[in-house]
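Inside the fold
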Amino acid sequence: MSSTTELGEVLRALAQLRTGVDGLYARYGDIPVVRRIENDFQRLEIDVSELSTTAPGPPRQRSGTRSTTPPETTGGRSGQAEHEVVEIPDTPYEPSWWRGADDEGLGGQAARDD
């Protein structure tokens, strides 16, 4: 896909977003959250305008996305790659892991010899 096509897609998306932002103003009025959205939209317009005057460079993978090749490590504390994504499951943890642990801010669960 050429950069002209990609830029055209972004410009079309911005036009649709403009319609949505205008609709938010019509529905909610001039409130802080709508002004922030408008500000974000204007920032996107400025960035896309600046990008349209920039020559495209060689293709590179976006940071924060997964790669099929193993990332190079940076030698940090954990030896993980600088932008490695670590997934944390939504499933509950094993309750036995927390047995005997204190609930921070709630006081200890000290055993009583009554």
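Residues numbered from 1 in each chain as written. Predicted model: local features only at pLDDT ≥ 70, side-chain atom pairs only at ≥ 80, totals over all residues. Heavy atoms only, no water.

1. Examining the overall build of the protein chain
Within the protein chain, the secondary structure is distributed over two helices and zero strands. In the protein chain, which comprises 114 residues, the proportion classed as buried is 7%. Here the protein chain displays about 10500 Å² of accessible surface, and carbon together with sulfur accounts for 52% of that area. (Helix = DSSP H or I, 4+ residues; strand = E, 2+ residues; numbered from the N terminus. Buried < 20%, exposed > 50% of the residue type's maximum accessible area, 1.4 Å probe, protein only. Areas by Shrake-Rupley, 256 points an atom, 1.4 Å probe, with all protein chains shown as cover.)

2. What about helix α2 (residues 32-52)?
Helix length check: α2, at 21 residues, gives a terminal C-alpha distance of 30 Å against a target of 30 Å (1.5 Å per residue), a fit within 8%. All buried positions along α2 are accounted for by Val34, Glu38, Phe41 and Val48. Buried positions in α2, seen along its axis, are confined to an arc of 85 degrees and lie on one side of it. Exposed side of α2, more than 90 degrees from the buried face: Arg36, Glu50 and Leu51 are the residues found there. (Expected span 1.5 Å × (residues − 1). Arc of directions from axis to C-beta.)

3. Digging into the environment of Tyr25
Within the secondary structure, Tyr25 sits in helix α1 (residues 3-28). Expressed as a C-alpha distance, the spacing of Tyr25 and Arg35, which sit ten residues apart in the sequence, is 8.5 Å. Look past the residues within four positions of Tyr25 in its chain and what remains in contact with it is Asp30, Val34, Arg35 and Glu38. (Contact = heavy atoms within 4.5 Å.)

4. Describing the environment of Leu11
Here Leu11 lies in helix α1. Sequence separation between Leu11 and Glu45 is 34 residues, and the spatial gap between their C-alpha atoms is 8.6 Å.

5. Focus: the environment of Pro56
Structurally, Pro56 is set in the segment after α2. In this structure Pro56 comes out as exposed when scored by relative accessible area, which is 60%. Along the chain, Pro56 and Thr4 lie 52 residues apart, while their C-alpha atoms are 9.9 Å from each other.

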